[in-house]
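Working through the structure, step by step
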Amino acid sequence: MVQKIVYDWATEKIYQQFQFVFSFNFRDLNSMNCRINLRELILDQYPYFGNILGEIWKHTEGLLFIFDGLDEFNDKINFVDCRRDTESQCTDPEFKCKVSDIVYSLIQHKLLPGCSVLVTTRPTALHLLEKAEISVWAEILGFVGEQRKEYFIRYFEDQTVAEAVFKHVQENEILYTMSYNPSYCWILALTLGPFFTQRVRDPQRVPKTITQLYSYYIYNILKNHGREIENPRDVLLRVGQMAFRGVSERKIVFTGGDLIKFNLQPSQFLSGFLMELLEREDSARSVVYTFPHLTIQEFVAAVTQFLNPHPGDILKFLTEAHNTTDGRFEVFLRFVAGLSCPMTARGLQEFLGPFPHQTTCRVIDWVKEEVKRQTGNTWSEAGKRSLLNTLHYLFESQNRGLVQDALGSVETFSFDRMTLTPIDCAVLSHVIGFCNTIKHLELIYCHIQSEGIQRLGPGLHKCQELRLGGNELGDSGVKLVSAALRNPECKIQKLGLNNVGLTDSGVEDLVSTLSTNSSLTELNLSGNELGDSGVKLVSAALRKAECKIQKLQLMGVGLTDSGAEDLVSALSTNPSLSELDLGSNSLTDRSAPALRRLILTLPSPKDIGLEHNQFSETGEKELRSLQEHRPGLREWI
């Protein structure tokens, strides 16, 4: 990506405000352990600037510094540490200090103020930048829509295989959601390809979980390259020990010294086996080794811990890893849980020997107890995150009995105001599908979009109370919720769709379900841009005798006096409605007589909300007087 940025700048496509771009790789900067100044740092990589740097410093607004791969930097930069400002004093490009102080001072505008700095990092190191003075953040989102399919079409020469692989990925919620990432697409294509290139006698063997996918990835390496080395199990376990040390220390780049420490001679890279597990990269200063992807490192580490000859250590180890709050063990623990599934481990056993039954039982017991412990601990964001991780463990284990035992009598899942990815949504749906006790699902302001709600879709109809307010569902997402309402086995009684981006165009499909759904009694559509036309569609549905709505919330939907007439007319014939909220609309005294008639007509009104409208004092007085005539009316606001 950085190469592309520099190329586009050089060819005058972007960033023309900069006269000079200096690009550095944190991996190369790791070898600079001595004190150095900015002049020397630049000349080390750009020696031909020696005579003009002094002139360049005078026009800092024309300078862009790029630092690539913060997560690979050994000397972590702490932007929260105030002592840095007084101790390093790196404000002069000629002043010698640590490389980390130079980077810190450039980002904080203390060195060459006016210049621009671009930093790239994997998400694992984002927390280091939270307190930095950064004006623009950007996230690389990867493939969207048809780009995912295009990757598989281009990867395989045989388009029949390409179509078959993509179809399998598309039909699997987890695998399809992974495919936004080009690296994951490569792993998917590489691993799934053989299943569709050759005749598969047992379609059930095709990987469905992430653990199964990586299990077959390693299986293929062992099968195709394992014969080139005397004891592939022994080598894999040693690589796994190094991988685990890397996961523990957030380290993804290994040196020749690291290999030797784990009795892996760099000369062994003559073996295709090791070359498939680790990639050799010639850095500017030294040879380093990385796994093709961080998740491969995490999987190999998980296999090694699972095959530990001392299974008694596993419970303490799992608990300590799960209690680590910075997320470094999240994916690793999902792999450990997934390896407890016999089908997942079956292929690897051919080369690695049997997976210890005692370890499998202890992992399953640990997952069960951890889920039970976390279900009562969702009052904080950390508690919700911890519970979500344990649900991922359940999914990867593919153990229906474990799901039911672990969740027991749990009735509520609440992840309000916590960002949920489409993969998280797929896991939630899987768990709800296996557990019949979940009645309340609260996912308010979880940044769920259309793809996320699509993953949740299969399990939504089983919930009695469904709160989805504040998510960016749009009309297409609400259409998927409507499908759940149409399900003959739908149990949804309370549905919150406030502030989800629903428009008058999309509301028609939703309200059409009200005449066929016999469970829904509460509906919240507040904060959507329905306007009078959208409310008119809601009104038409309320007229039907089949509609069982008792509580309707339409706050801030753009309702005017004109639309209120339609609504009042419909509600006057509705025998079930008792609570209505029309606050924060544009109603005036013109609507007061109609609303008065409505309140007097409703069989048993309880709450009528009309706050933040445009009634005069006279109109308010007229409406308030209704409480004398309707003693059952608890409150009118």
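Residues numbered from 1 in each chain as written. Predicted model: local features only at pLDDT ≥ 70, side-chain atom pairs only at ≥ 80, totals over all residues. Heavy atoms only, no water.

Details of helix α10 (residues 182-197)
Note on helix geometry: an α-helix contains 3.6 residues per turn, so any two residues three or four positions apart are oriented the same way. Counted at 1.5 Å a residue, the expected span for α10 with its 16 residues is 22 Å, and the 21 Å between its end C-alpha atoms agrees. In α10, a bend of some 30° at Thr-191 exceeds every other bend along the element, and Pro-194, a proline, comes one to four places later. Within α10 the residues assigned to the buried category are Tyr-184, Cys-185, Ile-187, Leu-188, Ala-189, Thr-191, Leu-192, Gly-193 and Phe-195. Buried residues belonging to α10 abut α7 (146-155), α8 (159-171), α9 (173-178), α11 (210-225) and α15 (294-306). (Helix = DSSP H or I, 4+ residues; strand = E, 2+ residues; numbered from the N terminus. Expected span 1.5 Å × (residues − 1). Bend = angle between axes of the 7 residues up to and from the residue. Buried < 20%, exposed > 50% of the residue type's maximum accessible area, 1.4 Å probe, protein only. Contact = heavy atoms within 4.5 Å.)

A few points about the sheet that holds strand β6 (residues 287-290)
Strand order in the open sheet made by the three strands is β4-β6-β5, with antiparallel pairing throughout. Of all the strands in the sheet, just β4 (254-255) and β5 (279-282) have a single pairing partner and so form its edges. Taken together, the two bridges between β4 and β6 define a ladder with antiparallel strand orientation. Residue pairing for β6: Phe-254 is matched across the bridge by Tyr-289. (Pairing = 2+ DSSP bridges.)

Thoughts on the side chain of Gln-212
Position of Gln-212 among the secondary structure elements: in helix α11. For Gln-212, the side chain forms a polar contact with the main-chain nitrogen of Lys-208, separated by 2.8 Å. (Polar contact = N/O pair within 3.5 Å; in protein donor to acceptor, adjacent residues only side chain to side chain.)

Notes on unusual backbone geometry
Note: most peptide bonds trans; most residues except glycine with negative phi. Within the chain, His-109 stands out as a residue other than glycine whose phi angle is a positive 65°. Mapped onto the elements of the fold, His-109 is located in the loop between α6 (99-107) and β3 (116-120). Of the residues examined, His-109 reaches a relative accessible area of 41% and is grouped as partly exposed. Its identity as a non-glycine residue notwithstanding, Gln-398 has a phi of 50°, on the positive side. Along the chain, Gln-398 falls in the loop between α20 (381-397) and α21 (400-407). Gln-398 sits in the partly exposed class, given a relative accessible area of 32%.

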